[in-house]
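Below are the chains, spelled out letter by letter.
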Amino acid sequence: MNILFAASEAFPYIKTGGLGDVVHSLPIALRQLGDDVRLVLPAYRDVMASMESLQDIAWWDLPGVGLTHRVRLLLAKPADNDEFVYLIDVPALFDRPGNPYVNTEGQNWPDNAERFSVFSRAVAQMARGIPGSDWVPDVIHAHDWQTGLVPAFVSMAHPRPKTVFTIHNLAYDGYFSHGDFNSLALPPEWWSPQHVEFHGGFSMLKAGMVFADRTTTVSPTYAREICTPEFGYGFEGILKHLGDRLSGIINGIDLDIWNPANDAFIACNYHFSGNSATERKKWQAAKAENKKDLLLKTGLLDRAKAATTKTGAAAKAEAPLLGFIGRLVEQKGVDLIIEMLPALLTESKASMVILGTGDHLYETELKKLAQQYPDRLHVHIGYSEAFAHRIEAGCDLFIMPSRFEPCGLNQMYSLRYGTPPLVNHTGGLADTVTDTRAETLKNRTATGFVLHDLKAQSLLSTVIRAIDVYRKPSQWAQICETAMSQELGWDTSAGKYQALYREA
Ligand code: ADP
Ligand code: GLC
């Protein structure tokens, strides 16, 4: 089948979070299964600059706010691969620096409604084929609110491809005002509760759900959770109403990019290749090297001091090192980590490395804590692929106490790197991590630690529980090895998407 993926980000061209990873890795898996998957993205400035060449394919005049945009469809040639990437070029909307969604102050670009409605209209122009070629999509697979209007616009084409809409995060609903609805020149009949109207305004995410032939989300547990008021953000009724048209398919990860055996970002490569004492020693030694490298690079271990006071350095290497990577937002439970840290750093010998960007309040509080505990807490405010890989390889325990988590990728990267994740029991975290208990140790299924009560105190006691197990080297090694042996690739889930496309 011919599948057109429409999204607002895709690794390696532009990425702010897990959406970018999935839009990169799922097409690769689908291509291996025989589908022809092509990608369409907005022509952001950085994406345009990263391409080896660009070819004009078509021009369209499409309505924006109070004017008609001259929209150019480009076929881009990426620098390092032969993926088919189409770009929707509207300089007034996408030729700007930085983040695709927010300005340097962290505020949404004020014209986001126009940016992503014009993008979605342009994608719908591709529904009946790519001009100048015989490639016609059988399915258009749109992702998150930025492309929620794609299934809506495509519904107006006859004949038309089928549409699949994936919700990666219901908390971002693409909600705009009635005024925006009018100024975007959307079909007036869409202004109804059965269509896009939502609490006095309209939601592009809702458009995706109600117009798509099939709606999915990124884990089975989250698919159930979003049909309840606690997780549904007011969409629960609509989602429940979808019945069989809604399903949850767990994300996979890119096993080539997240592979400790050949990861170029880390100090020492390793992999788990079977239960033997020699094999165990090998990966443990490599992980210890990565930990030391991370401690030195973050300054948690002072190079000069480490050279002279061997015992201090040894103690640091033995003390548990915790890691966190992610957007610093309420979803990720960053406030719980902040609240827990002073007690953890006082009551235990653990250290922690944190990498992220997000809410300025959290950034400030974390930086303050790092100043207070300079040799125990390292906080890097920023975005760094390299550092993310080093944290996965160098830490002992990965902390992810998300309030909700549609799927979550970092806990899977942690499993792959033998860094047991400590997670809240929600969404994809519940579907991918098995708590360490007497019976899961006995039947060798334990892969991490699961928190059932979202309070800083419970987070602290779960971390302490994990540290207690960390002190039992053979139990800990078993957990790491079970984690590293998990099937985390796309094989099964890509097959499920393929089945869904055919069913649609
Ligand atoms: P979400 O999509 O909700 O942000 P996921 O766990 O699904 O959460 O995916 C997050 C992705 O973004 C991972 O690949 C993670 O490594 C990456 N990431 C998040 N913040 C940073 C950062 N500051 N630096 C590097 N990578 C980051
Ligand atoms: C979202 C979710 C995250 C998920 C990612 C990729 O950003 O917050 O849980 O892993 O999308 O699907």
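Before any of the text, the structure's been laid out above.
What counts, and at which threshold
Residues numbered from 1 in each chain as written. Chains lettered and ligands numbered in written order. Predicted model: local features only at pLDDT ≥ 70, side-chain atom pairs only at ≥ 80, totals over all residues. Heavy atoms only, no water. Salt bridge = Lys/Arg side-chain N within 4 Å of Asp/Glu carboxyl O. Helix = DSSP H or I, 4+ residues; strand = E, 2+ residues; numbered from the N terminus. Buried < 20%, exposed > 50% of the residue type's maximum accessible area, 1.4 Å probe, protein only. Near = heavy atom within 4 Å. Polar contact = N/O pair within 3.5 Å; in protein donor to acceptor, adjacent residues only side chain to side chain. Areas by Shrake-Rupley, 256 points an atom, 1.4 Å probe, with all protein chains shown as cover.

Moving on: the pattern of salt bridges. For the coordinates displayed, the defined rule picks out 22 salt bridges. Between Glu 83 and Arg 31 there is a salt bridge, and its shortest N-O distance comes to 3.1 Å. A residue pair is termed long-range when its members are at least 10 positions apart, and Glu 83 in the loop between strand S4 (68-78) and strand S5 (85-89) and Arg 31 in helix H1 (residues 18-32) qualify at 52 residues. Among the residues examined, Glu 83 registers a relative accessible area of 11% and is labelled buried. Salt-bridge contacts for Arg 437 lead to Glu 439; the nearest nitrogen and oxygen are separated by 3.2 Å. One salt-bridge network, held together by shared partners, links Asp 435, Arg 437, Glu 439 and Arg 465.

The local shell around ligand 2 holds 14 residues, among which His 168, Asn 251, Glu 405, Cys 407 and Gly 408 are the closest. With respect to ligand 2, the side chain of Glu 405 contributes an N or O atom lying 2.5 Å from an oxygen atom. Separating an oxygen atom of ligand 2 from a backbone N or O atom of Pro 406 is a distance of 3.5 Å. Burial of ligand 2 by the surrounding chains reaches 93%, relative to a free accessible area of 310 Å².

With that settled, consider unusual backbone geometry. The step from Phe 11 to Pro 12 runs through a cis peptide bond, and the omega angle for that step is 0°. Of note, the amide linkage connecting His 158 to Pro 159 takes the cis form, showing an omega dihedral of -10°. For Pro 159, the position within the fold is in the loop between helix H5 (149-154) and strand S7 (162-167). Phi is positive for His 199, close to 45°, though the residue is something other than glycine. Along the polypeptide, His 199 turns up in the loop between strand S9 (197-198) and strand S10 (201-203). Phi at Tyr 233 is positive, roughly 45°, even though this residue is not glycine. Position of Tyr 233 relative to the elements: it lies in the loop between helix H9 (229-232) and helix H10 (236-242). Owing to a relative accessible area of 41%, Tyr 233 belongs among the partly exposed residues under this scheme.

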